[in-house]
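These are the residues of each chain, in order.
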Amino acid sequence: MEVKIEPSWKAVLQSEFGKPYFEILTGFVRKEYQTQTIFPPASLIFNAFNLCPFDKTKVVIIGQDPYHGYGQAHGLCFSVNDGIQFPPSLVNIFKEITDDLHVPAPASGNLERWAKQGVLLLNAILTVRSGQAASHQNKGWEEFTDSVIKELSDKREGLVFLLWGSYAQRKGLVIDTKKHLVLKAVHPSPLSAYRGFLGCHHFSQANAYLQSHGQTPIQW
């Protein structure tokens, strides 16, 4: 199947695109876009990959599914388009960055700036119906993004994986911890952030690890 995705990812994931589950997933997603209001816009489904090539990835953040409100989702987990109010989890992410790195809070909730530095902002599920969280769960996206994580773990070395919440941590079980740094905390949502996300120092730890492996740190 022909999928429009950044060339280095296309080479790595080509075998996935031909599998029966992906054919079924594609048919489902295409019909959903034709009959429902779906986020993100179809052209941005693979935005995380297009902005952060396979061989340039340094950090991986795993989310669950896209924001389901109008104008929010644009293919990067936790990120929102400019001009959109910061969702509560993103507020807490920025609070931790400020406290951890002693820098001003970011002015923009659009995290493309991270993606372009090598942060793969990967949702486990890449599409969602308007107003219906997890509506595209168990349709095949999880199998696809499991393969993405496994390819990164197997074929790269010295990556940082940030696993926030039990969902992301289960998804990260395939990661080879001998080759990569895996940092875990509770989810940054207001329901759990005060139980260990705030104060986790993941951003400074990620940068220290990257620098120790000869990589440029991320400007969070």
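It should be noted that the structure appears before, not after, this text.
Residues numbered from 1 in each chain as written. Predicted model: local features only at pLDDT ≥ 70, side-chain atom pairs only at ≥ 80, totals over all residues. Heavy atoms only, no water.

*Asks:* Looking at this structure, how should I read the overall build of the chain?
*Replies:* Regarding its fold elements, the chain presents eight helices and six strands. Computed over C-alpha atoms, the radius of gyration of the chain comes to 17 Å, within 12% of the 17 Å expected from 2.2 N^0.38 for 220 residues, which places it in the range of a compact globule. The C-alpha extent of the chain, read off along each of the three principal axes, is 45 × 35 × 25 Å. Looking at the chain as a whole, 53% of its 220 residues qualify as buried. (Helix = DSSP H or I, 4+ residues; strand = E, 2+ residues; numbered from the N terminus. Rg over C-alpha atoms; globule rule 2.2 N^0.38 Å. Buried < 20%, exposed > 50% of the residue type's maximum accessible area, 1.4 Å probe, protein only.)

*Asks:* Would you mind going over the packing of helix α1 (residues 7-17) against helix α6 (residues 141-155) with me for this structure?
*Replies:* To describe two helices that pack against each other, one gives the angle between their axes and the distance between the axes. The contact between α1 and α6 brings their axes to 11 Å, and the two run at 135 degrees. The orientation of α1 relative to α6 falls into the category oblique. Of the two possible hands of crossing, α1 and α6 adopt the one that is right-handed. Residues W9, V12, L13, E16 and F17 of α1 lie in contact with α6, whose contacting residues are E143, F144, S147, V148, E151 and L152. (Axes fitted to C-alpha atoms, helices over the stretch in contact; angles between N-to-C directions. Parallel < 35°, antiparallel > 145°, perpendicular 65-115°, else oblique. Left-handed = near helix turned anticlockwise from the far one by under 90°. Contact = heavy atoms within 4.5 Å.)

*Asks:* What's the story with helix α2 (residues 20-35) in this structure? I'm lost.
*Replies:* Owing to its 3.6 residues per turn, the α-helix brings residues three or four apart onto one side. Relative to the 22 Å expected for 16 residues at 1.5 Å per residue, α2 spans 23 Å between its end C-alpha atoms, a close match to the ideal helical length. If you check which residues of α2 are buried, you get Y21, F22, L25, T26, V29 and E32. For α2, the arc enclosing every buried residue in end-on projection is 130 degrees, short of the 170-degree limit, so these residues lie on one face. α2 presents P20, I24, R30, K31 and Q34 as exposed residues on the side facing more than 90 degrees away from its buried surface. Each element contacted by the buried residues of α2 is listed here: α1, β1 (38-39), β4 (128-129) and α6. (Expected span 1.5 Å × (residues − 1). Arc of directions from axis to C-beta.)

*Asks:* For this particular structure, what's the right way to read the layout of surface pockets?
*Replies:* One number sums up the size of the largest pocket: a volume of about 590 Å³. Forming the walls of the largest pocket are 30 residues, and the residues nearest its centre are Q64, D65, Y67, F78 and H187. Every element with two or more residues in the lining of the largest pocket is listed here: β2 (59-63), α4 (88-101) and α7 (166-171). Classifying every residue of the lining of the largest pocket by side-chain character gives 15 nonpolar, 13 polar and two charged. Around the second largest pocket sit 18 residues that line it, and V3, T26, A42, I45 and F46 are the ones nearest its centre. Broken down by secondary-structure element, the contributors of at least two residues to the lining of the second largest pocket are α2 and α3 (47-51). With six residues, α2 is the largest single contributor of residues to the lining of the second largest pocket. Split into classes, the residues belonging to the lining of the second largest pocket amount to 11 nonpolar, four polar and three charged. (1 Å grid on protein atoms, 1.4 Å probe; cavity = no way out; pocket = protein on both sides within 12 Å on 5 of 7 lines; lining within 4 Å. Points joined across faces, edges and corners; volume = space filled by probe spheres on them. Nonpolar A, V, L, I, M, F, W, Y, C, P; charged D, E, K, R; others polar.)

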